[in-house]
Amino acid sequence: MEQFPTPEAHQAMQASLEKQVRRGQITQRVADNESLLGTTSDTVHLLLVEFANLVKAISSAQSLEDLKPAAQSSAQLLGTISDKVSAGELQFPYQGKGTEAVLQEIQHRAQGISNILQDTSK
């Protein structure tokens, strides 16, 4: 006797297949996973250094004028990206996915990993 999946199971399978197709397209058209991870790493390091420079300037500032050099440095480095996003020339994946969906993914994955780490540390 042949069994058919429930509508919910069919939807889940379809969503999984669509995700696999999109990931394949990204690999073929943009970059492989290792290259994407490298770009993500570079991005995080760049932002970490810029943030650290800004925090350092804030912590030692006596006035708003003291902050301008650090802020201007970051603005020059990152400003073109902001300009392109504002002009609609550049869109980041999180914008296409929707901020709420991305925040839910972040929270879900963070909590899942935290749960596993807590379970293994006992």
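Refer to the structure printed above.
Residues numbered from 1 in each chain as written. Predicted model: local features only at pLDDT ≥ 70, side-chain atom pairs only at ≥ 80, totals over all residues. Heavy atoms only, no water.

(A) Structural view of the packing of helix H2 (residues 33–60) against helix H3 (residues 64–86). The N-to-C vectors of H2 and H3 enclose an angle of 165 degrees; their axes lie 8 Å apart at closest approach. By the criterion of interaxial angle, the relationship of H2 to H3 is roughly antiparallel. As for the relative orientation of H2 and H3, their crossing is left-handed in sense. Where H2 abuts H3, its residues Leu46, Leu47, Glu50, Asn53, Leu54, Ala57 and Ile58 lie against Leu67, Ala70, Ala71, Ser73, Ser74, Leu77 and Leu78. (Axes fitted to C-alpha atoms, helices over the stretch in contact; angles between N-to-C directions. Helix = DSSP H or I, 4+ residues; strand = E, 2+ residues; numbered from the N terminus. Parallel < 35°, antiparallel > 145°, perpendicular 65-115°, else oblique. Left-handed = near helix turned anticlockwise from the far one by under 90°. Contact = heavy atoms within 4.5 Å.)

(B) View of the side chain of Glu50. Following the sequence through the fold, Glu50 ends up in helix H2. Comment: no salt bridge for buried Glu50; closest opposite-charge side chain is Lys56, at 13 Å. For Glu50, the side chain forms a polar contact with the side chain of Ser74, separated by 2.6 Å. Residues contacting Glu50, with those up to four places away along its chain left out, are Ser73, Ser74 and Leu77. (Buried < 20%, exposed > 50% of the residue type's maximum accessible area, 1.4 Å probe, protein only. Lys, Arg positive; Asp, Glu negative; His and termini not counted. Salt bridge = Lys/Arg side-chain N within 4 Å of Asp/Glu carboxyl O. Polar contact = N/O pair within 3.5 Å; in protein donor to acceptor, adjacent residues only side chain to side chain.)

By themselves, these observations are geometric and do not establish any function.
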